[in-house]
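Chain and residue survey
So the chains spell out like this:
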Amino acid sequence: DAGVTQSPTHLIKTRGQQVTLRCSPKSGHDTVSWYQQALGQGPQFIFQYYEEEERQRGNFPDRFSGHQFPNYSSELNVNALLLGDSALYLCASRQPGLGNTQYFGPGTRLTVL
Amino acid sequence: AQKVTQAQTEISVVEKEDVTLDCVYETRDTTYYLFWYKQPPSGELVFLIRRNSFDEQNEISGRYSWNFQKSTSSFNFTITASQVVDSAVYFCALITDYGQNFVFGPGTRLSVLP
């Protein structure tokens, strides 16, 4: 049973560029959430996708956008990259239901120069 | 608003010592879920436990145990006879009916020395 997978593992971009990160949820899961984890901090919720729609959104600017595909996989797009966007980006999936456990992928380490 | 506090930024113990990681949460919701996750150096968050607000029964799983007390809004995690492999950052997290999203604490970095 494959867990949550993310690609790429690492990414280096320069300010102003755009980036796309990808996530495949755990088998049987249809809800995907994205988190940003800055160095030394806890993960911060970006948004959640369910049935190909953004259902919840955290306190992140519109430069952060996403998409969910019919197979439940998801993408996170960040436009006009800033130095402060450098972080570990985590994807998590779960079955629908408030209290269901979220399972996390290994993350994508984004460095913005 | 929902909030999770982990007052211990870093803890260092010697192998075989017991260690308790503290977690205090804030929420006005009556229905909520609490979680603990482990983040080893590889970066992936590993699920450890989930408790709902209506179940205050403490839980033990091998060397791990959790103490949930609604009266003090705490959900503490104890590792008995710690091992070097327990070295990691541990996060406490909360999700509520109102918030609908995970709120994580800042994490506690545990170092277990041989």
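Residues numbered from 1 in each chain as written. Chains lettered and ligands numbered in written order. Predicted model: local features only at pLDDT ≥ 70, side-chain atom pairs only at ≥ 80, totals over all residues. Heavy atoms only, no water.

For the rest of this paragraph, the subject is the environment of Leu76 of chain A. Position of Leu76 of chain A relative to the elements: it lies in strand E8 (residues 74-78). Residues Leu76 of chain A and Phe64 of chain A lie 12 residues apart in sequence; the distance between their C-alpha atoms is 7.2 Å. (Helix = DSSP H or I, 4+ residues; strand = E, 2+ residues; numbered from the N terminus.)

Attention now goes to the pairing of strand E3 (residues 19-24) of chain A. Residue and element names in this part refer to chain A. Residues Val19, Leu21 and Cys23 of E3 are buried on one face, while the alternating residues Thr20, Arg22 and Ser24, pointing to the opposite face, are not. In the sheet, strand E1 (residues 5-7) pairs with E3 via three bridges, with the strands oriented antiparallel. Across the sheet, the residue bridging to Thr5 is Ser24, located in E3. Pairing geometry for E3 and E8, over five bridges, is antiparallel. The partner of Val19 across the bridge, within E8, is Val78. (Buried < 20%, exposed > 50% of the residue type's maximum accessible area, 1.4 Å probe, protein only. Pairing = 2+ DSSP bridges.)

Before going further, it helps to spend a moment on the sheet that holds E1 of chain A. Residues and elements named next belong to chain A. Strand order in this open sheet of four strands is E1-E3-E8-E7, and the pairing throughout is antiparallel. Every interior strand has two partners, whereas the edge strands, E1 and strand E7 (64-68), have only one. Averaged over all pairs of adjacent strands, the angle between strand axes in this sheet comes to 20°, irrespective of strand direction. (Axes fitted to C-alpha atoms, helices over the stretch in contact; angles between N-to-C directions.)

All right, on to the nonpolar core then. Ranked by size, the top nonpolar core spans 24 residues in total, and within it Trp36, Trp66, Phe75, Phe77, Tyr90 and Leu110 of chain B carry the most contacts. Elements with a contribution of two residues or more to this core: strand E2 (10-14), strand E3 (19-21), strand E5 (32-39), strand E6 (46-52), strand E8 (64-69), strand E9 (74-79), strand E10 (88-96) and strand E12 (108-113) of chain B. For this core, the leading source of residues is E10 of chain B, giving four residues. In this structure, Phe75 of chain B is in contact with Cys23, Leu34, Phe35, Trp36, Ile49, Arg51, Trp66, Asn67, Phe68 and Cys92 of chain B, ignoring residues within four places of it in sequence. Counting residues in each nonpolar core, the second largest holds 20 residues, with Val4, Leu21, Trp34 and Phe47 of chain A among its members. (Core = buried A, V, L, I, M, F, W, Y, C linked by side-chain atoms within 4.5 Å. Contact = heavy atoms within 4.5 Å.)

Of the residues lining the interface, 20 residues belong to chain A; the matching set on chain B comes to 21 residues. The junction of chain A with chain B conceals about 1600 Å² of combined surface from both sides, 56% of it contributed by carbon and sulfur atoms. Taken together, chain A and chain B are joined by two residue pairs in polar contact (both at pLDDT 80 or more). Residue assignment for the side of chain A that touches chain B shows that the elements contributing at least two residues are strand E4 (31-37), strand E5 (44-50), strand E9 (87-94) and strand E10 (103-104) of chain A. Its residues placed into classes, the side of chain A that touches chain B shows nine nonpolar, 11 polar and no charged. (Buried area = accessible area lost by both parts, 1.4 Å probe. Polar contact = N/O pair within 3.5 Å; in protein donor to acceptor, adjacent residues only side chain to side chain. Nonpolar A, V, L, I, M, F, W, Y, C, P; charged D, E, K, R; others polar.)

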